[in-house]
Amino acid sequence: MHTEADRISRPRPRRSTGDIQWSDLVCPRCGCKNYYDCTPQVAWCWASGLIEIGDSLPPNEPGGSGAIEIAAGPKYALKGQLSALARHGKGASAGMLLVPGVPEAEGQRAKGDALALWLAWCSRPKSRDGVSFAKRKAA
């Protein structure tokens, strides 16, 4: 394990087609670049507003309740974008990402409307780094 602050600049620059030269930050111990991991991932939220990220959407419960897919993209970019756009939990939900407005909403319709508004807001800028947000309509 290493932190981002521990990374060092690799002496040889990365190939570039333009005038700007790039260099990579690498782990000082192993030289890895796992922060370029392009494994496809999915982000979903629950009725409580809790956001989770994984390789695939969890199956629906027998009663019909389940997770709602909110975004998809490469592993290296998905969590960072969600962390910038979602609300960070405090108190009992510390360290968790939440959809703004959903935990406070009363009733499923209000929760769905809050989710739709947040997804519309997240989708306004052009998709970056391959992350795309789901499109939902408010009721």
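Residues numbered from 1 in each chain as written. Predicted model: local features only at pLDDT ≥ 70, side-chain atom pairs only at ≥ 80, totals over all residues. Heavy atoms only, no water.

**Some words on helix α2 (residues 108-123)**
With 16 residues, α2 extends 22 Å from end C-alpha to end C-alpha; this agrees with the ideal 22 Å at 1.5 Å per step. If you check which residues of α2 are buried, you get K111, A114, L115, A116, W118, L119 and C122. On its buried face, α2 sits against β3 (40-45), β4 (50-54), β5 (68-74), α1 (75-85) and β8 (132-133). (Helix = DSSP H or I, 4+ residues; strand = E, 2+ residues; numbered from the N terminus. Expected span 1.5 Å × (residues − 1). Buried < 20%, exposed > 50% of the residue type's maximum accessible area, 1.4 Å probe, protein only. Contact = heavy atoms within 4.5 Å.)

**Looking at the pattern of salt bridges**
Applying the stated criterion across every chain, the model contains one salt bridge. Ionic pairing is found between E104 and R87, a salt bridge with its closest N-O pair at 2.4 Å. Residue E104 is located in the loop between β7 (97-98) and α2, and its partner R87 is located in strand β6 (residues 87-88); the two are separated by 17 residues in the primary sequence. On the basis of relative accessibility, which here comes to 47%, the residue E104 falls in the partly exposed class. Using a relative accessible area of 30% as the deciding quantity, one classes R87 as partly exposed. (Salt bridge = Lys/Arg side-chain N within 4 Å of Asp/Glu carboxyl O.)

**Some words on the sheet that holds β3**
Taken in spatial order, the six strands of this open sheet run β6-β7-β4-β3-β5-β8, and their pairing is antiparallel. Two strands close off the open sheet at either side, each with one partner strand: β6 and β8. Sheet topology places β3 next to β5; six bridges connect them, and they run antiparallel. Of the residues in β5, the one forming a bridge with A43 is A71. Contacts from α1 reach β3, β4, β5, β6, β7 and β8 within the one sheet, and its direction differs from that of β5 by about 130°. Of the strands in this sheet, β3, β4, β5 and β8 touch α2, which is tilted by about 20° from β5. (Pairing = 2+ DSSP bridges. Axes fitted to C-alpha atoms, helices over the stretch in contact; angles between N-to-C directions.)

**A closer look at the packing of aromatic side chains**
Applying the stated rule across the entire model yields one aromatic pair. Pairing W118 with F133 gives two aromatic rings, centres 6.3 Å apart and planes at 85°, and the pair type is edge-to-face. A residue pair is termed long-range when its members are at least 10 positions apart, and W118 in helix α2 and F133 in strand β8 qualify at 15 residues. F133 gets classed as buried once you look at its relative accessible area, which sits at 10%. (Phe/Tyr/Trp six-rings, centres within 6.5 Å; stacked < 30°, edge-to-face > 60°.)

**Things to note about the nonpolar core**
The biggest cluster of nonpolar side chains holds 19 residues, and the ones touching the most others in it are I51, I70, L82, V99, L115, W118 and F133. For this core, the secondary structure elements donating two or more residues are β3, β5, α1 and α2. In contact with L115, not counting residues within four places along its chain, are C45, I68, I70, V99 and V102. (Core = buried A, V, L, I, M, F, W, Y, C linked by side-chain atoms within 4.5 Å.)

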